[in-house]
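Tertiary structure, described
Each chain, letter by letter, is given below.
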Amino acid sequence: MNELNVRNCRLIELPKIGDEKRGYLSFMESLRSIPFEIKRVYYIYGVGDSSAMRGEHAHKENLEQIFFCINGSVTFLLDDGERKDEYELKDPNIGIYIGPKLWHTLVNFSKDAIVLVVASDYYTEELYIRDYDKFIEYVHRGE
Ligand code: TYD
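Residues numbered from 1 in each chain as written. Predicted model: local features only at pLDDT ≥ 70, side-chain atom pairs only at ≥ 80, totals over all residues. Heavy atoms only, no water.

Describing the packing of aromatic side chains
- Tallied over the full model, the rule gives six aromatic pairs.
- A ring pair is formed by Trp103 and Tyr132, whose centres lie 5.2 Å apart and whose planes are at 85 degrees; its orientation type is edge-to-face. Separated by 29 residues along the polypeptide, Trp103 in strand β10 (residues 103-107) and Tyr132 in helix α1 (residues 132-141) bring together distant segments of the chain.
- Of the residues examined, Trp103 reaches a relative accessible area of 10% and is grouped as buried.
- Among the aromatic side chains, those forming a connected cluster through ring pairs are Trp103, Tyr132 and Phe135.
- Across from the ring centre of Tyr97, 4.4 Å away, lies the NZ or CZ of Arg10, which sits over that ring.
- Above the plane of the ring of Tyr24 lies Lys16, whose end atom (NZ or CZ) is 4.3 Å from the centre. (Phe/Tyr/Trp six-rings, centres within 6.5 Å; stacked < 30°, edge-to-face > 60°. Helix = DSSP H or I, 4+ residues; strand = E, 2+ residues; numbered from the N terminus. Buried < 20%, exposed > 50% of the residue type's maximum accessible area, 1.4 Å probe, protein only. Lys NZ or Arg CZ within 6 Å of the ring centre and 35° of its normal.)

Okay, here's the thing in structure tokens:
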């Protein structure tokens, strides 16, 4: 599995049990394959326009998330303020861990894409940075 060349980001591989005939089963567990306690699960689906972009934000400290594309495919554009990388998520058992201070944008959704996200905390807008210039400032101030 290739490593990603940005901070606070890595791929997480879940078990994949089964075969082509009977199908596959993958599972995730808090504090085991998922390195935090899961407090929230959400999912993105029905993205009808292939030019749609989602994300386009970063999180402050104390929010960790792992994204899985459990059907279809989507591309992650990643930017830690210094380096950029991208990754096409398409295997249901491969997740992408997004820690704090990482600008991430989701593009190239296939019509059937279902993106399942597990998060370490409840939703609060206070943990988001939605302005790219403010993100760069935040990263460089190190606050
Ligand atoms: P947003 O984070 O902007 O979605 P994306 O990054 O995929 O474009 O969230 C869209 C809306 O949903 C926004 O009004 C906030 C709300 N929301 C919640 O209420 N709870 C959640 O757990 C999440 C992730 C979003």
